[in-house]
Amino acid sequence: MTGLLGALLPAVPLVAGLAGLLLPPAPPQPNAGAQGGDRARRAAVALGVTGAAGALALAVALLLTVDEATETSTTWVDVGGLAVTLGVRLDGAAALVAVAVTTVALAVQVYSIGYLRRGPHDDIDVDHRYPPYAAQISLFTGAMLLVVVAGDLLMLLVGWEVMGLCSYLLIAHDRRLPGAPAAAMKAFLVTRVGDVGFLLGIALLGVSTGSFRIADVLAHDHSGVTLTAAGLLLLAGVAGKSAQFPLHTWLPDAMAGPTPISALIHAATMVAAGVYAVARLYPLFTAAPVTLTVLGVLGAITLLLGALAATAQDDIKRVLAWSTVSQLGYMTGALAVGSPSAALFHLLTHAAFKALLFLAAGAVIHAVGTTLMSEMGGLRRSMPVTFWCTVVGLGALAGVPPLAGFWSKDSVLTVAEAAALDGTGPVPSWVGWLVWLAGLAGVAITAWYAGRLLLRTFFGAPRLPLVRPHDPPALLRWPVLLLAVPAALLGLAGFVGVFADRLRFPTVPVAGSEDGLVHVGPEVLLPLALLLVGAGLVTLGWRRDPAADPAVALGALRPVFARAFRLDDVQHTLVVRPVRALARAARTGDEVVVDGAVEGSGRAASGLGAGLAALHRAALPRAAAGVLAGALLIGLAAAVIGVAR
């Protein structure tokens, strides 16, 4: 029964998504076949919501029934000694992640019904492509769930790649926005760079084991070189999907997609997949500590990079996007210092409060018609429900006790501190120091930019006086309200032993730093002090001049942070330009050399044929002269050959 539930978990949204793709998109104009468009939209809503709700019910059933690791598999194909299996691998951690994914997916499906609806002042139907949109969300959800429950690396890879395709389609959904297709292509190509390494890492492990079944791969005695090479290749894919330096540049640009899709990508699917994949294969990484050292360095850089970039953004969605990059650094840092349970704990709380923040930001954007905080302000009284939900989300993001983010972030900092001071974990102590100090700095910076977002959006004088904002309608309001509950309370689950035990993979040895998931002691005082410093600085700056942006305090660093240290430009210079130059050279070589040889041969043959045709049509005297000349040449050739003999 457990295996059946695990198999149905990704199958339900995948079937709903495939069925939704068969629906015709509604006509783009409101008066062109509106009745048929309404029917297609209602069918798309029913399929999307039913698929997500069914998956959530299955995930909850799994959470209640899975007590220990369970695996079911059957051999699908065996070629050349390499076995590919179909099956699921379930445990408490998989069930918890599945519940988080399906909860956010259901909230996004319901929220999108109201968010992508034609308003009274829209001259075109903004949701005329709603049926494929809802279907692609279902496929996205099913692909992530396939990654969660997959018992075979190739099955995991299938879900991994389907997510990449769905992200491309959903980011580019609103084709009227000039930046949406470019952002979708950038996300697709940057993550593909990492996916090449991920594919090669899976292939290396499969060839070494003789099977792609995860249990077989974990149990096999790999050589140190194989483990190190495979681990580094897998980390390339993780860096792409989970937006780790240097493959992080696609995530902020992906904000060109609809806001509900931003919530889905940042909270439950793409970015969570890389962290979960490392946790699932964690014994392989602990056996090759070099890979975890690399992961720790990348995680610390990503943490600080995302936090500093978030301080200078004016677009509310880009602030949240860069905060996701930073929070992912906490998760990968926890993995590096030896605590996959702390990483997954923060992954779960982050899914709750980041989905809440994006959907609340969508409500604000829906009300004021802009994403720029410089054009917002004074929304606290006109949008009280959205304001308080945003307070909960930003408090959890910054780590305000007793909200969820405080407990999960503290668990990461505690294990990093133990790795730094006590040398626990699989990496050298300097990696622990790097992750711990970066995490502490991130606490203060996060409190600063979270406070700036709150003050610039909801306090002060309204900067668009002609706009009459109000809290969103029920379809947008209820998902936000319901997500506020786990964003506030989920961290307290860390005190429950059953919850903590479920976050530990049976195949992962429990390190000394994992004695407890939640820690209450003197070690929490330093993060709290840094939290107060960050929040206090931004509040003081705002009180001096409520009309000014607190980011002016950054001075000359502001444009540097706003451009994220110009790493996009570096990437463009070092990668994009050389690749384009190589492509131009290849095109020129193809057109001049290859096509030139082919077309030149054709022209030469045509010219020779034309000459022979002209001779054939010549008058009798000229033809006779030609025959005599040919006979003479043949005779001379025969004479020369005879003399040579």
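Residues numbered from 1 in each chain as written. Predicted model: local features only at pLDDT ≥ 70, side-chain atom pairs only at ≥ 80, totals over all residues. Heavy atoms only, no water.

Draft legend 1. Spatial organisation of the pattern of salt bridges. Under the counting rule described, the total for this entry stands at 17 salt bridges. Salt-bridge contacts for Arg213 lead to Asp216; the nearest nitrogen and oxygen are separated by 2.7 Å. On the accessibility criterion, Asp216 (29% relative accessible area) is partly exposed. A salt bridge links Asp549 to Arg452, with the shortest nitrogen-to-oxygen separation between them at 2.8 Å. Taken together, the residues Asp549 in the loop between helix 21 (525–544) and helix 22 (557–562) and Arg452 in helix 18 (residues 429–458) connect sequence positions 97 residues apart. We classify Asp549 as buried; its relative accessible area is 9%. Of the residues examined, Arg452 reaches a relative accessible area of 1% and is grouped as buried. Each of Glu71, Arg89, Arg213 and Asp216 takes part in a single network of salt bridges with overlapping partners. (Salt bridge = Lys/Arg side-chain N within 4 Å of Asp/Glu carboxyl O. Buried < 20%, exposed > 50% of the residue type's maximum accessible area, 1.4 Å probe, protein only. Helix = DSSP H or I, 4+ residues; strand = E, 2+ residues; numbered from the N terminus.)

Draft legend 2. Region of interest: a nonpolar patch on the surface. Taken together, the side chains of Val485, Leu489, Leu492, Phe495 and Val520 define a hydrophobic patch exposed on the protein surface, amounting to about 470 Å² of accessible area. As for its position among the elements, Leu489 is in helix 19 (residues 474–489). (Patch = residues over 30% accessible without salt bridge, like charges linked within 9 Å, V, L, I, M, F, W, Y side chains within 5 Å. Areas by Shrake-Rupley, 256 points an atom, 1.4 Å probe, with all protein chains shown as cover.)

Draft legend 3. View of the packing of aromatic side chains. Counted by the stated rule, this structure contains 13 aromatic pairs. With centroids separated by 5.7 Å and ring planes inclined at 75°, the aromatic side chains of Phe387 and Phe459 adopt a geometry described as edge-to-face. With Phe387 in helix 16 (residues 384–398) and Phe459 in the loop between helix 18 and helix 19, this pair connects stretches of sequence that are 72 residues apart. Between Phe561 and Phe565, the ring centres sit 5.4 Å apart and the planes meet at 55°, which makes this aromatic pair tilted. Judged by its relative accessible area of 7%, Phe561 falls in the buried class. The class for Phe565 is partly exposed, based on a relative accessible area of 34%. Taken together, Phe387, Trp388, Phe458, Phe459 and Trp542 form an aromatic cluster joined through their ring pairs. (Phe/Tyr/Trp six-rings, centres within 6.5 Å; stacked < 30°, edge-to-face > 60°.)

Draft legend 4. Geometry of the pairing of strand 1 (residues 70–79). Where strand 1 meets strand 2 (residues 82–90), nine bridges bridge the pair, whose relative direction is antiparallel. Across the sheet, Thr75 pairs through a bridge with Thr85, a residue of strand 2. Hairpin connection between strand 1 and strand 2: a loop of two residues separates the two successive antiparallel strands, and Gly80 in this loop has a positive phi of roughly 60°. (Pairing = 2+ DSSP bridges.)

Draft legend 5. Structural view of empty space enclosed by the protein. What the rule picks out here adds up to six cavities of 30 Å³ or more. Roughly 80 Å³ of internal volume is contained in the largest cavity. Lining the largest cavity, in full, are Ala398, Gly399, Gly405, Phe406, Lys409, Asp410, Leu413, Val443, Pro527, Leu528 and Leu531. Only helix 17 (404–421) and helix 21 provide two or more residues apiece to the lining of the largest cavity. The element best represented in the lining of the largest cavity is helix 17, accounting for five residues. When grouped by side-chain class, the residues that make up the lining of the largest cavity number seven nonpolar, two polar and two charged. (1 Å grid on protein atoms, 1.4 Å probe; cavity = no way out; pocket = protein on both sides within 12 Å on 5 of 7 lines; lining within 4 Å. Points joined across faces, edges and corners; volume = space filled by probe spheres on them. Nonpolar A, V, L, I, M, F, W, Y, C, P; charged D, E, K, R; others polar.)

Draft legend 6. Up close: the confidence of the model for the protein chain. On average, residues of the protein chain carry a pLDDT of 87, and 93% of them reach 70 or more. Within the model, the stretch residues 119–125 combines pLDDT values under 50 with 11 contacts to residues more than four positions away or in other chains. (pLDDT = per-residue confidence, 0-100. Contact = heavy atoms within 4.5 Å.)

Draft legend 7. Main features of the layout of surface pockets. Approximately 500 Å³ is the volume found for the second largest pocket. Lining of the second largest pocket is provided by 13 residues; of these, Leu189, Val190, Gln571, Val575 and Val576 occupy positions nearest its centre. When contributions to the lining of the second largest pocket are tallied by element, the ones reaching two or more residues are helix 6 (179–209) and helix 23 (567–616). In the lining of the second largest pocket, the residues fall into eight nonpolar, two polar and three charged.

Draft legend 8. How the structure looks around the packing of helix 16 against helix 19. With their axes 10 Å apart at the nearest point, helix 16 and helix 19 run at an angle of 30° to one another. One element, helix 16, and the other, helix 19, form an angle in the roughly parallel class. Read as a crossing pair, helix 16 and helix 19 show a hand that is left-handed. Across the interface between the two elements, Val385, Cys389, Val392 and Ala396 of helix 16 pack against Arg477, Val480, Leu481, Ala484, Ala487 and Ala488 of helix 19. Among the residues forming the contact of helix 16 with helix 19, the class breakdown is nine nonpolar, no polar and one charged. (Axes fitted to C-alpha atoms, helices over the stretch in contact; angles between N-to-C directions. Parallel < 35°, antiparallel > 145°, perpendicular 65-115°, else oblique. Left-handed = near helix turned anticlockwise from the far one by under 90°.)

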